[in-house]
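These are the residues of each chain, in order.
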Amino acid sequence: MRVDVVTIFPAYLEPARLSLLGKARDRGVVEIHSHDLRDWTTDRHRTVDDTPYGGGPGMVMRPEPWDAALRAIAGSSGPAPRPRVIVPTPAGRPFTQAYAAELAAEPWLAFCCGRYEGIDARVVDAWADDEVSIGDYVLSGGEVATLVMLEAITRLLPGAVGNAESVTDDSFAHGLLEGPVYTRPPEWAGRRVPDVLLSGDHGAIARWRREQALRRTARRRPDLLATLELHDRDRVVVAQTLAEEPCQPASDGAETTARPAGSDEPG
Ligand code: JDK
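Here goes a summary of the coordinates provided. (Residues numbered from 1 in each chain as written. Predicted model: local features only at pLDDT ≥ 70, side-chain atom pairs only at ≥ 80, totals over all residues.)

## Observations regarding the overall build of the chain
No. 1: In terms of helices and strands, the chain carries 10 helices and 9 strands.
No. 2: Burial status across the chain gives 25% buried among its 267 residues.
No. 3: Across the chain, the fraction of contacts at a sequence separation of at least 24, relative to all contacts at a separation of at least 6, is 75%. (Helix = DSSP H or I, 4+ residues; strand = E, 2+ residues; numbered from the N terminus. Buried ≥ 20, exposed ≤ 12 C-beta atoms within 10 Å, placed from the backbone. Contact = placed C-beta atoms within 7 Å.)

Okay, structure coming up:
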């Protein structure tokens with residue numbers, strides 16, 4: 001996959017050289033080209049912003065440098081291949097795992113990272129295939145949103161991660177949050193790993209994991225349960241969980257499984 005990123009801060013994309021994204025790059029799975037929008041300005045001060053029509057706070061990015069950049073990157077000539085152009089914005093379509101999978105199937109993506117109050121709507125209308133939000137909070141620009149999307153997309157590309165199972169087994173892949181995970185030692189700081197995980201009983205382990213995932217989802221993300229088709233046994237777990245004390249911030253009760261017997265002070 002080829003990825004072009006246009007930004008006034010190309011250095012923001014440097015973290016893409018690290019870790020999983022970096023490995024995918026080294027392996028030729030993804031090829032990331034970042035571009036400085038100011039390279040397509042024509043004035044002495046390399047201006048990319050101007051005051052908003054109609055008034056209001058802040059500045060808006062001028063359309064001309066964006067159009068010049070996208071023509072240079074995507075090419076202006078007819079039926080030639082062109083990238084899927086993505087504009088991060090707090091007012092965009094929500095980015096999800098399914099959306100990441102959709103974008104992972106594209107051969108060529110171009111991300112337009114705005115700053116200030118955003119990019120002039122006309123050049124977005126002219127070029128953008130998707131306006132995308134990574135969540136309901138306001139960042140200072142599109143760069144970090146682009147990094148987030150690139151990491152989510154890249155790990156889905158064939159050859160990007162060592163273990164293909166670790167990708168299909170993710171949270172959201174089954175519509176539930178994942179439950180807690182443990183490694184050695186079997187007891188740490190007075191907290192034991194749940195006995196069932198050491199039992200070697202794979203059926204019991206699978207049932208326990210399902211229950212933990214259901215409990216955590218019911219507590220933290222009840223909205224996810226609305227669209228799921230649950231078995232009767234699942235429904236009982238959900239109903240029990242929801243009947244328990246109201247959700248503490250970031251707690252789902254799973255922690256109690258790792259607490260030493262007889263200790264009932266909070267987490
Ligand atoms: C791209 C600039 C900063 C944009 C206007 C918005 C309601 C009006 C600041 N998921 C997500 N969060 N943030 C972004 C994102 C922010 C960006 C840009 C992406 C480009 N900004 C910005 C708009 C406003 N403001 C909230 C009131 C303020 C993507």
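Next, the rest of the story.
## So, the environment of Ala218
No. 1: Tracing the backbone through its elements, the reader meets Ala218 in helix α8 (residues 202-220).
No. 2: Separated by 22 residues in the primary sequence, Ala218 and Gln240 have C-alpha atoms spaced 9.6 Å apart.
No. 3: Look past the residues within four positions of Ala218 in its chain and what remains in contact with it is Leu225, Val238, Thr241 and Leu242.

## Focus: the site of the ligand
No. 1: Lining the immediate surroundings of the ligand are 18 residues, of which Pro90, Gly114, Ser133, Leu139 and Gly142 lie closest.
No. 2: With 3 residues, strand β5 (residues 84-94) is the largest single contributor of residues to the shell around the ligand.
No. 3: When the residues that make up the shell around the ligand are grouped by side-chain class, the tally is 8 nonpolar, 8 polar and 2 charged. (Near = placed C-beta within 6 Å. Nonpolar A, V, L, I, M, F, W, Y, C, P; charged D, E, K, R; others polar.)

## Observations regarding the sheet that holds strand β1 (residues 2-7)
No. 1: With respect to topology, 5 strands assemble into an open sheet ordered β2-β1-β6-β5-β7, the strand pairing being parallel. At either margin of the open sheet sits one strand with a lone partner, and together these are β2 (31-36) and β7 (130-133). The average undirected angle you get between the axes of adjacent strands in this sheet is 30°.
No. 2: Judged from the 6 bridges that link them, β1 and β2 form a sheet pairing that is parallel. Each bridged residue has a counterpart across the sheet, and for Val3 the counterpart in β2 is Ile32.
No. 3: Relative to the sheet, helix α2 (residues 63-74) contacts β1, β2, β5 and β6 (108-112), its axis offset from that of β6 by approximately 165°. (Pairing = 2+ DSSP bridges. Axes fitted to C-alpha atoms, helices over the stretch in contact; angles between N-to-C directions.)

## Considering the nonpolar core
Nonpolar side chains tend to gather and get buried jointly when the protein is soluble and globular.
No. 1: The biggest cluster of nonpolar side chains holds 39 residues, and the ones touching the most others in it are Val5, Trp66, Val85, Ile86, Phe111, Cys112 and Leu150.
No. 2: Contributions of two or more residues to this core are made by β1, α1 (19-26), α2, β5, β6, α4 (121-127) and α5 (143-154).
No. 3: A total of 5 residues in this core trace back to one element, the largest contributor, which is α5.
No. 4: If we ignore the near neighbours within four places in the chain, the residues touching Trp66 are Met61, Cys112, Ile119 and Val123.
No. 5: One finds Ala213, Leu214, Ala218 and Val237 within the second-largest nonpolar core, a separate group that totals 5 residues. (Core = buried A, V, L, I, M, F, W, Y, C linked by C-beta atoms within 7 Å.)

## Regarding the packing of α8 against helix α10 (residues 232-243)
No. 1: Relative orientation of the contacting elements α8 and α10 amounts to 45°, with a least axis distance of 9 Å. Relative to α10, the element α8 lies oblique. α10 is crossed by α8, and the crossing has right-handed handedness. Residues Glu211, Leu214, Arg215, Ala218 and Arg219 of α8 lie in contact with α10, whose contacting residues are Asp234, Val237, Val238, Thr241 and Leu242.
No. 2: Classifying every residue of the contact of α8 with α10 by side-chain character gives 5 nonpolar, 1 polar and 4 charged. (Parallel < 35°, antiparallel > 145°, perpendicular 65-115°, else oblique. Left-handed = near helix turned anticlockwise from the far one by under 90°.)

## Brief notes about the packing of α1 against α5
No. 1: Direction vectors running N to C along α1 and α5 enclose 60°, while the axes themselves pass 9 Å from each other. The orientation of α1 relative to α5 falls into the category oblique. For the element pair α1 and α5, the recorded crossing hand is left-handed. Taking contact as the criterion, the partners of Leu20, Leu21 and Ala24 in α1 are, on α5, Leu150, Glu151 and Thr154.

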